Amino acid sequence: MKSQKQNKMMTVMVALFAVLAVLLGILAVNVVQLKKFADLDNTKKTMIGNSGVEIYLPETYYVASGLTMEIYNSQITNQGTHISEYNVYWECEVGEMLGRKFSIAATDEMLGEYPLKVTVYDETGKALARKESNLKIVEAKQWQFSILAIGDSLSANGALYAKMQENLGNLMICNGTKGYEGFLTEARLGFSASDYLTEIGYYIDEGEEVHKFWNPEKQRFDWNYYKTTTGFQPNAVLLHLGTNGLLSGEENADNICKIVELIRKDDKNIPIYVVQTIYQSDQNGIGSMKMNNGSLMFPGEMKAERDLAVFELMSYLDDKLSDEKNVYLVPAGISMDSENGFVMEERPVNPYSEETEWVAVDAVHPAPAGYYQIADVIYSTMCGTVENWK
């Protein structure tokens, strides 16, 4: 018979192998993601040494006067919520460095540009990553223009457009053949960028055998065809895609870039605002979210995996689109509070406990307050770039 000491050793060895298997599994997930996004130069440059920590910030972060906007520590690095294990240090002449975010309440007296620097340190004070950006506080403007939103269910919410209208003094004219809560768009629930590049219908609208951008003769997404057949002539485009198809990595990102390319092919000057998709809620929300038929929305998926995919999508789009003429990235991904921005409900911590915890009802679509944050980022970016419109 084995001694008690041998049994304990065997138990420890089994536990160690189990931990090793989990770590290898997590590593495999990350390797797959890194292979899908092979070219992430702008965030790799932020890494100090071989720390493995990378930071994403846009080169210019716009804030319109009168608004309070925030950048969340857990949403600017490839570490996701594990950023709580590090120290994040913000440096800027204006704004506040708080426990989990940088917050700026912009006023007219602050109009101008300010260097914005963020550094991630480990517990010993060693710098792991650093990024320098430009905070630009701009005048809050109101002007009349028409806009066409192309997107998925994240851009099919009235709270988003209502807040934009409030900021713009109700001067924004929404174009589109789909109506959501009083606002016209071209948002289609469940659509990905790939769907807009494919001859596919919209299952929710039985009368739409193929989406409005598909030219049957040219067999492609055709911006001029859309304008001719619908009669809409928008002054700006809001491209709001990325969540559907998120884990397909570079393929998803390239499809977003392809839509930009095809619009630009037909219109050399129209401003295109590419909204970077947001982070989802915590693991409880992701793991329990259900579709209409009762089945799980994200079976077996980890928040860490989806967070990394969002981070890499932001970085990739910045690499590919930031230098394109009249194409503007909207950094919603770093500015919508994914920790508190979703509708929550109380649930028992276990089947027999009276103790409860808060869980996101919908891990993907924010509460109105979350949409208001997205609207403020879009509006601020527009205020900072509208002078470039032609």
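**A look at the overall build of the chain**
Part 1 of the argument: Broken down by element type, the chain carries 10 helices and 18 strands.
Part 2 of the argument: Computed over its C-alpha atoms, the radius of gyration of the chain comes to 23 Å, within 12% of the 21 Å expected for a compact globule of 390 residues.
Part 3 of the argument: Summarising its shape, the C-alpha atoms of the chain cover approximately 85 × 55 × 45 Å along the three principal directions.
Part 4 of the argument: Within the chain, the fraction of its 390 residues that count as buried is 51%.
Part 5 of the argument: Long-range contacts, defined here as pairs at least 24 residues apart, represent 69% of the contacts in the chain between residues at least 6 apart.
Part 6 of the argument: Approximately 18400 Å² of the chain is accessible, and the part contributed by carbon and sulfur atoms is 52%.
Part 7 of the argument: On the chain, the mean spot of the 33 positive side-chain charges and the mean spot of the 53 negative ones are 6 Å from each other.

**Quick word on the packing of aromatic side chains**
Part 1 of the argument: Counting across every chain of the model gives 14 aromatic pairs.
Part 2 of the argument: Here the aromatic rings of Trp143 and Phe145 are separated by 5.1 Å at their centres, their planes lie at 25 degrees, and the arrangement is stacked.
Part 3 of the argument: According to the relative accessible area criterion, Phe145 is buried, its value standing at 2%.
Part 4 of the argument: Ring plane angle 70 degrees and centroid distance 4.9 Å describe the contact between Phe191 and Tyr196, whose orientation is recorded as edge-to-face.
Part 5 of the argument: Exposure remark for Phe191: the relative accessible area of 4% places this residue in the buried category.
Part 6 of the argument: Taking relative accessible area as the criterion, Tyr196 reaches 0% and is therefore assigned buried.

**Side note on the sheet that holds strand β2 (residues 68-72)**
Part 1 of the argument: One open sheet accounts for three strands, arranged β2-β5-β4; its pairing is antiparallel. The sheet is open, and its two borders are formed by β2 and β4 (96-97), each paired with just one other strand.

**Observations concerning helix α10 (residues 368-385)**
Part 1 of the argument: Taking 1.5 Å per residue as the helical rise, α10 with its 18 residues ought to reach 26 Å, and the 26 Å between its terminal C-alpha atoms agrees with that figure.
Part 2 of the argument: The element α10 is extensively covered by neighbouring structure, given that 13 of its 18 residues are classed as buried.

**Focus: the pattern of salt bridges**
Part 1 of the argument: Summed over the entire model, instances satisfying the criterion amount to 18 salt bridges.
Part 2 of the argument: Note that Arg100 and Asp337 form a salt bridge whose closest N and O atoms lie 2.8 Å from each other. Of this pair, Arg100 sits in the loop between β4 and β5 (101-105) while Asp337 is found in the loop between α9 (332-335) and β17 (344-348), placing the two residues 237 residues apart along the sequence.
Part 3 of the argument: Between Lys303 and Asp307 there is a salt bridge, and its shortest N-O distance comes to 3.0 Å. Of this pair, Lys303 and Asp307 are both found in helix α8 (residues 303-321), four residues apart, which corresponds to roughly one turn of the helix.

**Description of empty space enclosed by the protein**
Part 1 of the argument: Summed over the entire model, instances satisfying the criterion amount to one cavity of 30 Å³ or more.
Part 2 of the argument: Here the largest cavity is characterised by a volume of approximately 40 Å³.
Part 3 of the argument: In terms of lining residues, the largest cavity is bounded by Asn42, Thr43, Ile55, Tyr56, Leu57, Glu59, Lys131 and Asp318.
Part 4 of the argument: By residue class, the composition of the lining of the largest cavity is three nonpolar, two polar and three charged.

**Regarding the confidence of the model for the chain**
Part 1 of the argument: In the predicted model, the chain carries a mean pLDDT of 91, and the fraction of residues at 70 or more is 91%.
Part 2 of the argument: Counting contacts from residues 1-35, a segment whose pLDDT is below 50, to residues more than four positions away or on other chains yields 10 contacts.

**Thoughts on the nonpolar core**
Part 1 of the argument: Leu135, Ile150 and Val274 are the most contacted members of the largest nonpolar core, which has 105 residues in total.
Part 2 of the argument: Each residue touching Leu135, except ones within four places of it in the same chain, is listed here: Tyr61, Val63, Cys92, Val94, Phe102, Ile104, Gly112, Glu113, Tyr114 and Leu116.
Part 3 of the argument: Of all hydrophobic cores here, the second largest spans five residues; its members include Ile286, Met289, Phe298 and Val364.

**Observations regarding the pairing of strand β9 (residues 172-175)**
Part 1 of the argument: For strand β8 (residues 145-151) and β9, the ladder comprises four bridges, and the chain directions are parallel. Within the sheet, the bridge partner assigned to Ser146 lies in β9 and is Ile173.

**Thoughts on the side chain of Asn252**
Part 1 of the argument: Inspection of the secondary structure assignment puts Asn252 in helix α6 (residues 250-266).
Part 2 of the argument: The exposure class assigned to Asn252 is buried, which follows from its relative accessible area of 2%.
Part 3 of the argument: Not counting residues within four places of it along the chain, the set of residues in contact with Asn252 comprises Ala193, Gly242, Asn244, Gly245, Leu246 and Leu313.

Calculation criteria
- Position labels on residues start from 1 in each chain and follow its written sequence.
- Where totals are concerned, whole chains, interfaces and linings use all residues; where local detail is concerned, this predicted model gives features only for residues with pLDDT of at least 70, and gives and counts side-chain atom pairs only at 80 or more.
- The basis for the side-chain values is all heavy atoms of the structure; hydrogens and waters are excluded.
- Elements are defined by DSSP. Helices are runs of H or I of four residues or more, strands are runs of E of two residues or more, and each kind is numbered from the N terminus.
- As defined in this context, the radius of gyration uses C-alpha atoms, and a globule is described by 2.2 Å times the residue total to the power 0.38.
- For the exposure calls, accessible area comes from a 1.4 Å probe over protein chains only, and a residue counts as buried if that area is under 20% of its type's maximum, exposed if over 50%, partly exposed in between.
- By definition in these notes, contact holds between two residues if any of their heavy atoms fall within 4.5 Å.
- Here, Shrake-Rupley sampling with a 1.4 Å probe gives the accessible areas, and only protein chains in the shown set may cover a residue.
- For the charge count, each Lys or Arg is scored as positive and each Asp or Glu as negative, with His and the chain ends excluded.
- Here the site of a charge means NZ on Lys, CZ on Arg, CG on Asp, or CD on Glu.
- Centres within 6.5 Å make a pair out of two Phe, Tyr or Trp rings, where for Trp the six-membered ring is used; the pair is then stacked when the planes are under 30 degrees apart, edge-to-face when over 60, and tilted otherwise.
- If DSSP finds at least two bridges between two strands, the strands pair.
- By definition here, a helix of n residues has an expected span of 1.5 Å times n minus one.
- Salt bridges, as used here, are contacts in which a Lys or Arg side-chain nitrogen is within 4 Å of a carboxyl oxygen on Asp or Glu.
- Definitions used for this entry: grid spacing 1 Å over protein atoms alone; cavity, a set of points where a 1.4 Å probe fits but cannot get out; pocket, an open set with protein on both sides within 12 Å along at least 5 of 7 lines; lining residue, one with an atom within 4 Å of a point.
- Grid points are joined across faces, edges and corners, and a volume is the space filled by probe spheres set on the points.
- Lys, Arg, Asp and Glu make up the charged group, whereas Ala, Val, Leu, Ile, Met, Phe, Trp, Tyr, Cys and Pro make up the nonpolar group; the residues left over, Gly among them, are polar.
- Per-residue confidence from the predictor is given as pLDDT, running between 0 and 100.
- Nonpolar cores were defined as sets of buried Ala, Val, Leu, Ile, Met, Phe, Trp, Tyr and Cys residues, with membership established by side-chain atoms within 4.5 Å.

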